[in-house]
Amino acid sequence: MPKSMYQPNFVRVLHNLGFVFWLSLPLIGLVFWLGSGLIGDQILSRTHNHKKYLQVNTQSTRQMMKKVVAIEVEILQSQGISMVKVTTNHSVLKTMIFEFAITEPKRIEAKLSRELGLSQERIKELIRYQKVQ
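Criteria and cut-off values
Residues numbered from 1 in each chain as written. Predicted model: local features only at pLDDT ≥ 70, side-chain atom pairs only at ≥ 80, totals over all residues. Heavy atoms only, no water. Helix = DSSP H or I, 4+ residues; strand = E, 2+ residues; numbered from the N terminus. Buried < 20%, exposed > 50% of the residue type's maximum accessible area, 1.4 Å probe, protein only. Contact = heavy atoms within 4.5 Å. Areas by Shrake-Rupley, 256 points an atom, 1.4 Å probe, with all protein chains shown as cover. Patch = residues over 30% accessible without salt bridge, like charges linked within 9 Å, V, L, I, M, F, W, Y side chains within 5 Å. Salt bridge = Lys/Arg side-chain N within 4 Å of Asp/Glu carboxyl O.

## Overview of the overall build of the protein chain
Each helix and strand counted, the protein chain has five helices and four strands in total. Along the protein chain, helices (α) and strands (β) appear in the sequence α-α-α-β-β-β-α-α-β when read from the amino end. The 133 residues of the protein chain split such that 21% are buried. Here the analysis covers contacts within the protein chain between residues at least 6 apart in sequence; of these, 34% occur between residues at least 24 apart. Surface accessibility of the protein chain: about 11000 Å² in total, with carbon and sulfur atoms responsible for 59%.

Given below as structure tokens:
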């Protein structure tokens, strides 16, 4: 018998069991595992500069600000801050809370006027102060 024709008995048994097929599965799995790892690293290390903007309807914001019904200011003199609670009768936004690093009433009123888009006279009508030591 020629040497190329002779196969040991265990090689024929392995061939009959589909050894070539079963040996290739781990190799295919290894290739997919390494490939997905490289692709995942590329995706995760990529910088994302997606800028998302919130567009505000300024007309509805102005209408909402006209519905301000009360402004309560708690001045925390020892901490140098003021906590402001703005109450509206708007159906969506009932309460807004601001924190300012201001304790002088005139400056608080000016800041609220700018933030809420209301006149300082209207702010003075609605505002109530409480000083906390």
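## Re a nonpolar patch on the surface
Judged by side-chain polarity, Phe10, Val11, Val13, Leu14, Leu17, Phe19, Leu23 and Leu27 come together as a nonpolar surface patch covering roughly 740 Å² of accessible area. At the level of secondary structure, the elements contributing two or more residues to the nonpolar patch comprise α1 (9-16) and α2 (19-45). Ranked by residue count, the leading element in the nonpolar patch is α1, at four residues. Mapped onto the elements of the fold, phenylalanine 10 is located in helix α1.

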